[in-house]
Amino acid sequence: MDIDVHPLGATDLDVADEIFRDAFGTFLGSDVFGDTDLLRTRFRAGHTTVLGAYHGSDLVGSNVVSRWGDVGWFGPLSVAPKLWDAGVGSRLMVATMEVFADWGVTHQGLFTFAHSPRHHGLYQKFGFWPRFLTAIMSRQVTGSEPPAGRLLSAAEDRAAAVAGCLAVTDALHAGLDVTGEIGSVLDQGLGDVVLVGDPDAPSGLAVCHTGAGSEAGTGIAFVKFAAVTPGPQARDAFDSLLAACQGWAAAAGARRLVAGVNTGRHDAYRHLLASGFRTDTPGVTMHRPNGPGYDRPDAYVLDDWR
């Protein structure tokens, strides 16, 4: 097929959302996204590029490419089901690799279905290889959890707090920078950033979404990224950060707290299990090059590349 891939236009967002929901709903057999809004929120973010695949004037697929400093990841990649196996996904991947090259990111990745050879085969053609499982986990929010930590939206010196967040991520993996996610959540009113530790030099941060129109959905508090400074105090800081996220979720009226953790981060995964989290969806991350990145056993990091 003659497929042209270029940045998605704002007027095509509704069609892109329909294709995205149709594609994942067809593969999974149900609509798992509800009243979340992944495409529009990411389209408006400053650290992303949303690609559209066009057959003539018709949009037939899309992919969201995100930059976290020196780390690049993509998804959701979706193609209209009637055109599966027509090469649209490969064309989107070619363009995605060009975006990564322009950005100069050295660690690249994605989240996909652990049970799908079709997806693994496509991404392996472009040098991505499966690593450890990533567990999308959740636990109940009772509503009685006490508040803890602080919110970045209420910080007296937001710039200093954001700089402190960057220091945390850079200590975990040189060049890792989620300030784009921080700005997107605060600027779009999608949730907040939970902090623990010193006000000017936090020891932990969690970028959280909640409510309809965010990446969480009604009744859900979703931790898109969380991390604490590595070192001897990391476990205690992580415990404090989880408690602060639970308290924030309760204050936001959420019924469940959702977070993803790569099982290569063994200590963090075991800590979530001990804290009452249970796996809802298992997936697998694929990396290019085939290295761990920040998926180390002692790295207390939560993230979700869906």
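Please read all numbers here as calculations on a predicted model, not as lab measurements. (Residues numbered from 1 in each chain as written. Predicted model: local features only at pLDDT ≥ 70, side-chain atom pairs only at ≥ 80, totals over all residues. Heavy atoms only, no water.)

## A look at the environment of Asn63
Stage number 1. In this structure, Asn63 sits in strand E3 (residues 58-68).
Stage number 2. The contacts of Asn63, once residues within four sequence positions are left out, are Thr49, Val50, Leu51, Phe74, Gly75, Pro76, Leu77, Leu92 and Thr96.
Stage number 3. A polar contact of 3.4 Å, which involves the side chain of Asn63, links it to the backbone nitrogen of Gly75.
Stage number 4. Of note is the side chain of Asn63, whose polar atom sits 2.9 Å from the side chain of Thr96. (Helix = DSSP H or I, 4+ residues; strand = E, 2+ residues; numbered from the N terminus. Contact = heavy atoms within 4.5 Å. Polar contact = N/O pair within 3.5 Å; in protein donor to acceptor, adjacent residues only side chain to side chain.)

## Digging into the pairing of strand E6 (residues 107-113)
Stage number 1. Counting buried residues along E6, seven of its seven residues qualify, which places the element largely inside the surrounding structure.
Stage number 2. Bridge count for strand E4 (residues 71-74) against E6 is four bridges, and the pairing is parallel. Note on E6: the bridge partner recorded for Gly72 is Gln108.
Stage number 3. Two elements, E6 and strand E13 (residues 278-288), share six bridges in a ladder whose sense is antiparallel. In the strand pairing of E13, Leu110 is matched with Met286. (Buried < 20%, exposed > 50% of the residue type's maximum accessible area, 1.4 Å probe, protein only. Pairing = 2+ DSSP bridges.)

## Looking at the packing of aromatic side chains
Stage number 1. Enumeration over the complete set of coordinates arrives at 13 aromatic pairs.
Stage number 2. Each ring, one from Phe20 and one from Phe24, has its centre 5.3 Å from the other, and the planes form 65°; the classification is edge-to-face. With Phe20 and Phe24 both in helix H1 (residues 13-28), this residue pair falls four residues apart, about one helical turn.
Stage number 3. Overall, Phe20 belongs to the buried group, its relative accessible area being 1%.
Stage number 4. Arranged with centres 5.4 Å apart and planes meeting at 70°, the rings of Trp68 and Trp73 form a pair that is edge-to-face.
Stage number 5. For Trp68, a relative accessible area of 0% puts it in the buried group.
Stage number 6. One aromatic cluster in this structure is built from Phe20, Phe24, Phe27, Phe33 and Phe113. (Phe/Tyr/Trp six-rings, centres within 6.5 Å; stacked < 30°, edge-to-face > 60°.)

Interpretation note: all reported values are geometric properties and have no functional meaning in isolation.
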